[in-house]
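Descriptive analysis of the structure
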There are 2 protein chains.
Amino acid sequence: MAKVDLKTLARELGVSVSTVSKALQDSHEISAETKARVMELAQQLHYQPNPYASSLRRQQTRNIAVIVPEVINHFFSLAIDGIESVAQASHYHVLIYQTHDSRAKEASICQHLQSGRTDGIIISLAAEPQDFTHLLQMHERGIPLVFFDRVCPLIDTARITTDDFASGFNATAHLLQQGAKRVAYLSLAPHLSIDRQRQEGYLEALRQQNLTALAQVVYCGTHETEAQQAIGQLLHSPHPPDGIFASVEKLALATYAVCQAQGWQIPQRLKVVGFANLPTAHLLNPPLSTVVQPAFAMGQQAAQTLFTCLKTRRPIPAQNVTLSAVLEPRGSSQGFGLGKTTGR
Amino acid sequence: MAKVDLKTLARELGVSVSTVSKALQDSHEISAETKARVMELAQQLHYQPNPYASSLRRQQTRNIAVIVPEVINHFFSLAIDGIESVAQASHYHVLIYQTHDSRAKEASICQHLQSGRTDGIIISLAAEPQDFTHLLQMHERGIPLVFFDRVCPLIDTARITTDDFASGFNATAHLLQQGAKRVAYLSLAPHLSIDRQRQEGYLEALRQQNLTALAQVVYCGTHETEAQQAIGQLLHSPHPPDGIFASVEKLALATYAVCQAQGWQIPQRLKVVGFANLPTAHLLNPPLSTVVQPAFAMGQQAAQTLFTCLKTRRPIPAQNVTLSAVLEPRGSSQGFGLGKTTGR
DNA sequence: CTGTTAGCGCTTTCAT
DNA sequence: ATGAAAGCGCTAACAG
């Protein structure tokens, strides 16, 4: 089937290209009758305007980029789901990029995105230690940037997060309340905004119970096997914990894997709470107590913020939007003789 | 920071735009010295060619579209992971679209993609019953199309699938071998290619044991609550099954949820096998026996096929690529007195 | 109300 | 080896 462009329509109708263009945009300077004729033919020939030709003129692509560590993480896929939903409704298109937590990949992606391929970027940072020059560069170039979850504190733009300090505090307090005495904190990457704040909350909860001396922060990293090793060592240390607060989903699962392999009973010997957006949390053995972030809503919020600014051609305001995460206590943190947790 | 384009570089270096353009493409008609100067300045000013300007000239965007039912399904996110990996290596960019299993949404997305926004499309079909006119239309327009998993039999192009018949057969045979007598098949959408074939395999396994009379196919649909209702009814029917083969992950989890709610013991009372790419399958209670599809590899394969054709400007050949899924028996299907399954 | 014209930033003949 | 010029498909002044 031959390609159909404005010229085709114009020729067919015996009018000029610009008339057709204006008619299709429902411009007030075109007669109703002409508009109708144009619309009809366009419909009939399945005319679709070439977005990149118009992008070139208007200097906007209606594409945005989403950069995440990895799409197979349920938190990020939920966020992408939220972003995509809003995008579809707002007639934007979503380009996906994964960093796999590598700073180099993140920088390279950002480098490529200076080209004008997208109108804006939604990003959650890689875990690898970084300087932020690639991000600063984009920001200086005026490319609209929205952060979610793993934000960059140095760049003044929109940041969508959850109340990580409060979540860290609550999760830890819950473990203590259920009878844990020595609660360890499993850290993903200590320079990451979310990790720092969750850890702060954890420490504050210990402080309030005068348990600061028993604080134990374990760096686990982003690799599954390393994480399991670190956790294994922790369990075999002279003073092993009786509670674990996993700062991210991956580490909660690593904890389960290690406990299963070594026959540590959860929650009898070790109580566990972890950040997680697992659809199977309540089906695990035992059901995993989770801190659930509103990932979908965070994605929506990030997209909404970005699109609003793009449409009004305003720069992204430097604002922090903080949503609430909720603690869902289940069997993995259940204390005994207290009868407070529901187990489900 | 000001935007830097070819004209900027040309002006700065005192050469013409076309010289710069050719130099950047390492054309043989440009002197080594000039090339060096151009490259250096480009580097220095962080020049990035505007992809859509060049797209307009060359008629290719280096964008591809991926259309899936939903990104939060682990199978699809793994496939996207595979696609994105290959894309990044091949310097393609990936646009993501979700149909949420709606035919209308799928059609609308396809409609928009006739515009030239992408060079090609990788798609896994929505579950909702459909006519395929929107797909046929794209195919007729010459838009390169690759299907994976949920393919369209009517369109002659590349199709990446797993051996669904064999998987259906094996899963069912395994359940029978573990002692199940009445095995039910949970269907997502019977007109879907994968569903039909898995079902065929299931029926064949029954046939070989002369159990065709006990076959029971239950239509569960795409909605969680409906599915749970259907499964609940099944368990309360006059002759409830003692084995269930769930054709997709969602239905396996729905089965667990119903059994948990109603106190049906798995595998004692009901043995379960399901297609699933869950990272938590072995941590469930009991560990879920799964048919695991090589989702990542399927994504890679789909992307590779597409990019190869795009680069050589050849149309996509009508070929079926079939990868193998593997049955991983775990506790949920374990028989007794047989001692064959490992439980993990 | 409609048409003419000049680009958006880039590639690519075709001259020089 | 370099440059001038046309044009990808569309939009937006500006004229008429």
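None of the values given here were measured: they were computed from a predicted structure.

For the rest of this paragraph, the subject is the overall build of chain A. Along the backbone of chain A there are 12 helices and 12 strands. Rg of the C-alpha trace for chain A: 26 Å, well past the compact-globule value of 20 Å for 344 residues, more than 25% over. Dimensions of chain A, computed from C-alpha atoms along their principal axes, come out at roughly 85 × 40 × 35 Å. Burial statistics for chain A: of 344 residues in total, 58% are counted as buried. Per element, the accessible surface of chain A, about 14,300 Å² overall, is 51% carbon and sulfur.

Overall, the coordinates contain 18 salt bridges over all chains when judged by the stated rule. For B:Glu29, the salt bridge goes to B:Lys22, with nearest N and O atoms at 3.3 Å. A residue is classified by how much of its surface remains accessible, and B:Glu29, at 53% relative accessible area, is exposed. Note on B:Lys22: relative accessible area 32%, which makes it partly exposed. Each of the salt bridges in this network shares a partner with another, and the network as a whole consists of A:Asp149, A:Asp164 and A:Arg198.

Quick look at the interface of chain A and chain B now. With 55 residues of chain A at the interface, the matching set in chain B holds 55 residues. For the pair chain A and chain B, the two sides together bury roughly 5,100 Å², of which 54% comes from carbon and sulfur. Considering only the side of chain A, the residues that lose the most area to chain B are A:Tyr52, A:Arg117 and A:Leu283, jointly responsible for 15% of the buried surface there. Summed over the shared surface of chain A and chain B, the result is 0 salt bridges. Put simply, chain A and chain B have 25 residue pairs in polar contact (both at pLDDT 80 or more) between them.

Take the protein's contact with DNA strand C next. Taken together, 27 residues lie around DNA strand C, and A:Lys22, A:Glu29, A:Arg57, B:Lys3 and B:Arg57 are the ones closest in. Within 4 Å of the protein, the atoms of DNA strand C are drawn from sugar and phosphate moieties in a proportion of 58%. Between DNA strand C and A:Arg57 there is a distance of 3.1 Å, counted from a base nitrogen to a side-chain nitrogen or oxygen. In terms of residue class, the surface near DNA strand C is made up of 8 nonpolar, 11 polar and 8 charged.

The strands making up a sheet associate through backbone hydrogen bonding, with each pair oriented either parallel or antiparallel. Taking strand neighbours across the sheet as the criterion, the 12 strands line up as E11(A)-E5(A)-E4(A)-E3(A)-E1(A)-E2(A)-E2(B)-E1(B)-E3(B)-E4(B)-E5(B)-E11(B) in an open arrangement whose pairing is mixed. At either end of the open sheet lies a strand with only one pairing partner, and these are strand E11 (320–323) of chain A together with strand E11 (320–323) of chain B. Across the sheet, the mean angle separating the axes of adjacent strands is 20° when strand polarity is ignored. As defined by bridge partners, strand E4 (residues 145–148) of chain B adjoins strand E5 (residues 158–162) of chain B across 3 bridges and the pair is classed as parallel.

Residues and elements named next belong to chain A. Pairing is mixed in the open sheet, where 6 strands are placed in the order E7-E6-E8-E9-E10-E12. Both outer strands of the open sheet, strand E7 (216–219) and strand E12 (326–328), are each paired with one neighbouring strand and no more. For this sheet, the mean angle separating the axes of adjacent strands, direction not counted, is 20°. Sheet analysis places strand E8 (residues 243–246) next to strand E9 (residues 271–275), joined by 4 bridges and oriented parallel.

A:Lys3, A:Leu6, A:Arg57, B:Thr19 and B:Lys22 are the nearest of the 28 residues found near DNA strand D. Of everything in DNA strand D that lies within 4 Å of the protein, sugar and phosphate atoms constitute 61%. In this structure, A:Asn50 approaches DNA strand D through a main-chain N or O atom, which is 3.2 Å from a phosphate oxygen. Within the contact set of DNA strand D, a phosphate oxygen lies 2.8 Å away from a backbone nitrogen or oxygen of B:Ser16. When residues of the surface near DNA strand D are traced back to their parent elements, those giving at least two are helix H2 (17–24) and helix H4 (51–58) of chain A together with helix H2 (17–24) and helix H4 (51–58) of chain B. Looking at side-chain class alone, the surface near DNA strand D contains 8 nonpolar, 12 polar and 8 charged residues.

With an axial shift of 0.0 Å and an RMSD of 0.1 Å, the rotation relating chain A to chain B amounts to 180°. Look at the turn and shift together and you get a two-fold axis relating the two. The fraction of interface residues of chain A whose copies in chain B are also interface residues reaches 100%, indicating that both copies meet through the same surface.

Let's shift gears to the packing of aromatic side chains. Residues and elements named next belong to chain B. The final tally for this structure, using the stated rule, is 15 aromatic pairs over all chains. An angle of 70° between the planes, with centres 6.2 Å apart, marks the rings of Phe 76 and Phe 148 as edge-to-face. Of the two residues, Phe 76 sits in helix H5 (residues 74–90) while Phe 148 sits in strand E4, which places them 72 residues apart along the sequence. Taking relative accessible area as the criterion, Phe 148 reaches 1% and is therefore assigned buried. Relative to Tyr 202, the ring of Tyr 185 has its centre 5.3 Å away and its plane inclined at 35°; by these criteria the two rings are tilted. Residue Tyr 185 is found in strand E6 (residues 183–187), and its partner Tyr 202 is found in helix H9 (residues 193–208); the two are separated by 17 residues along the sequence. Its relative accessible area of 0% is what places Tyr 202 among the buried residues. Directly above the ring of Phe 275 sits Arg 198, whose terminal nitrogen or CZ lies 3.6 Å from the centroid. Lying across the ring of Trp 264, Arg 269 places its NZ or CZ 3.8 Å from the centre.

All names here are of chain B. In E11, alternate side chains face the same way, and those of Val 321 and Leu 323 are buried while those of Asn 320 and Thr 322 on the opposite face are not. Sheet topology places E5 next to E11; 4 bridges connect them, and they run parallel. When the sheet's bridge partners are listed, Ile 160 is paired in E11 with Val 321.

Definitions and cut-offs
- Residues numbered from 1 in each chain as written.
- Chains lettered and ligands numbered in written order.
- Predicted model: local features only at pLDDT ≥ 70, side-chain atom pairs only at ≥ 80, totals over all residues.
- Heavy atoms only, no water.
- Helix = DSSP H or I, 4+ residues; strand = E, 2+ residues; numbered from the N terminus.
- Rg over C-alpha atoms; globule rule 2.2 N^0.38 Å.
- Buried < 20%, exposed > 50% of the residue type's maximum accessible area, 1.4 Å probe, protein only.
- Areas by Shrake-Rupley, 256 points an atom, 1.4 Å probe, with all protein chains shown as cover.
- Salt bridge = Lys/Arg side-chain N within 4 Å of Asp/Glu carboxyl O.
- Contact = heavy atoms within 4.5 Å.
- Buried area = accessible area lost by both parts, 1.4 Å probe.
- Polar contact = N/O pair within 3.5 Å; in protein donor to acceptor, adjacent residues only side chain to side chain.
- Near = heavy atom within 4 Å.
- Nonpolar A, V, L, I, M, F, W, Y, C, P; charged D, E, K, R; others polar.
- Pairing = 2+ DSSP bridges.
- Axes fitted to C-alpha atoms, helices over the stretch in contact; angles between N-to-C directions.
- Least-squares fit on C-alpha atoms with pLDDT ≥ 70 in both.
- Phe/Tyr/Trp six-rings, centres within 6.5 Å; stacked < 30°, edge-to-face > 60°.
- Lys NZ or Arg CZ within 6 Å of the ring centre and 35° of its normal.

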